[in-house]
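# Structural features, examined
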Amino acid sequence: MESEQESFWQLVKKGNTSSMAAAIGNTFIAIVKGVAAVLTGNGAMFASTMHSIADAINQAFVFVGSVLAEKKPTRRFPTGFGRVINIFCMVAVIVVTVMAYETIKEGFHLIAHPVKHSSGFILNFVVLILSILVDGYVLVKAMKEIVHESRNEAKGMAVFAAAFRNVKRAAPPTRLVFYEDLVATTGSLLALIAVVVTTFTDLAVFDGLATMLIGFLMVGVAFRVGYDNMVGLIGVAAPPDVEAKVARLILGDEQVTDIYQLRVLQEGRYYHVEGLIELKRGLSLADADDIKFRIRDKLLLDPDITDVTIGIIEDNGVTNWVPVESRV
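Here is a short report on the structure shown in this document. Given the structure is predicted, the values throughout are model-derived calculations rather than measurements.

### Observations concerning the overall build of the protein chain
Tallying secondary structure elements over the protein chain gives ten helices and four strands in all. In the protein chain, the succession of helices and strands from N to C terminus is α-α-α-α-α-α-α-α-β-α-β-β-α-β. Viewed in the frame of its principal axes, the protein chain has a C-alpha envelope of about 85 × 55 × 35 Å. Across the 328 residues in the protein chain, those meeting the buried criterion constitute 48%. Partitioning the contacts of the protein chain with sequence separation of at least 6, the portion at a separation of at least 24 is 74%. Of the roughly 16,700 Å² of accessible surface on the protein chain, 66% is carried by carbon and sulfur atoms. Within the protein chain, the 34 negative side-chain charges are centred at a point lying 1 Å from the centre of the 30 positive side-chain charges.

### A few points about the pattern of salt bridges
For the structure on display, the rule yields six salt bridges. Residue D253 pairs with R294 through a salt bridge whose shortest N-O separation is 2.8 Å. Note that D253 is positioned in the loop between α9 (240-251) and β2 (256-267) and R294 in helix α10 (residues 285-300), a separation of 41 residues in sequence. Taking relative accessible area as the criterion, D253 reaches 8% and is therefore assigned buried. In this structure, the salt-bridge partner of R281 is E314, at a minimum N-O distance of 3.5 Å. One end of the pair, R281, is in the loop between β3 (270-279) and α10; the other, E314, is in strand β4 (residues 305-314), and 33 residues separate them in sequence. What makes E314 partly exposed here is its relative accessible area of 44%.

### Examining the packing of aromatic side chains
Evaluated as defined, the whole model comprises four aromatic pairs. Geometrically, the ring pair formed by F121 and F125 is tilted, given 5.8 Å between the ring centres and 40° between the ring planes. Of this pair, F121 and F125 both sit in helix α5 (residues 121-149), four residues apart, roughly one helical turn. Here a set of aromatic residues connected by ring pairs shows up, and it is made of F121, F125 and F200.

About the thresholds
Residues numbered from 1 in each chain as written. Predicted model: local features only at pLDDT ≥ 70, side-chain atom pairs only at ≥ 80, totals over all residues. Heavy atoms only, no water. Helix = DSSP H or I, 4+ residues; strand = E, 2+ residues; numbered from the N terminus. Buried < 20%, exposed > 50% of the residue type's maximum accessible area, 1.4 Å probe, protein only. Contact = heavy atoms within 4.5 Å. Areas by Shrake-Rupley, 256 points an atom, 1.4 Å probe, with all protein chains shown as cover. Lys, Arg positive; Asp, Glu negative; His and termini not counted. Charge placed at Lys NZ, Arg CZ, Asp CG, Glu CD. Salt bridge = Lys/Arg side-chain N within 4 Å of Asp/Glu carboxyl O. Phe/Tyr/Trp six-rings, centres within 6.5 Å; stacked < 30°, edge-to-face > 60°.

Encoded structure:
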């Protein structure tokens, strides 16, 4: 029982830290925003509250999925549990879509029946500033996680550009947190503008417009995350530079003459390698087996590669492998 408990906590420690931090931050912000929305009746604050509730639920849910995805392969599930996180993220997409619908509906209502003067300007202002700070912190943390997971070297302001450039290579929960908190920070900023505009001008309709815009941004997140995870569930090829790195490791062995076939699949943030390699002529079966296992073990030293299946054939005298950078 003690060993099972220990292994459970080991899995929890491997869970996605960005989603855990985001879940905690958004739960706190959702409560504060909800109180402010009830007290002031501001529509944009209501929309921002709905978004924070959706984010908190999703990110807690996705953190659980990221923990389960770290389970080691079993006899019944020999390829592991990497795609479990894609299922959890798809459920999160449904939650975002429902919240987006409610937000857009509220926006239509506020445009048709604008609230001319919402109360509690100071309360709304302070809550939204706090929200921008918390969501901004989580967003920066997610960006750093993207840079780390994509094995990039970036510091300071370079992290922002590197995160946008490599977001597709990050784990599904990290991508979800990134997209959601990017929209959450933008939505809080829009809500802040709406609060200021409706308080100091007669443009009461701007409250409804801002609410609808936040809702449409949530729809955009749902489509983006939904597409990424649908592709992940089907099975997607690894990025070209990952495939090129695997090929270099294989061809780096002096007994390997060519790669007949190579397929590198991405599951979550991990990769599965399947290949058929050509060895020098005249090797004994025992020597060929030793070379195959040596290459397999070398590939498995990469922490992102969890499964390697390699077949061997004798050199056929034809060059089959075309480097990634040479393909049209």
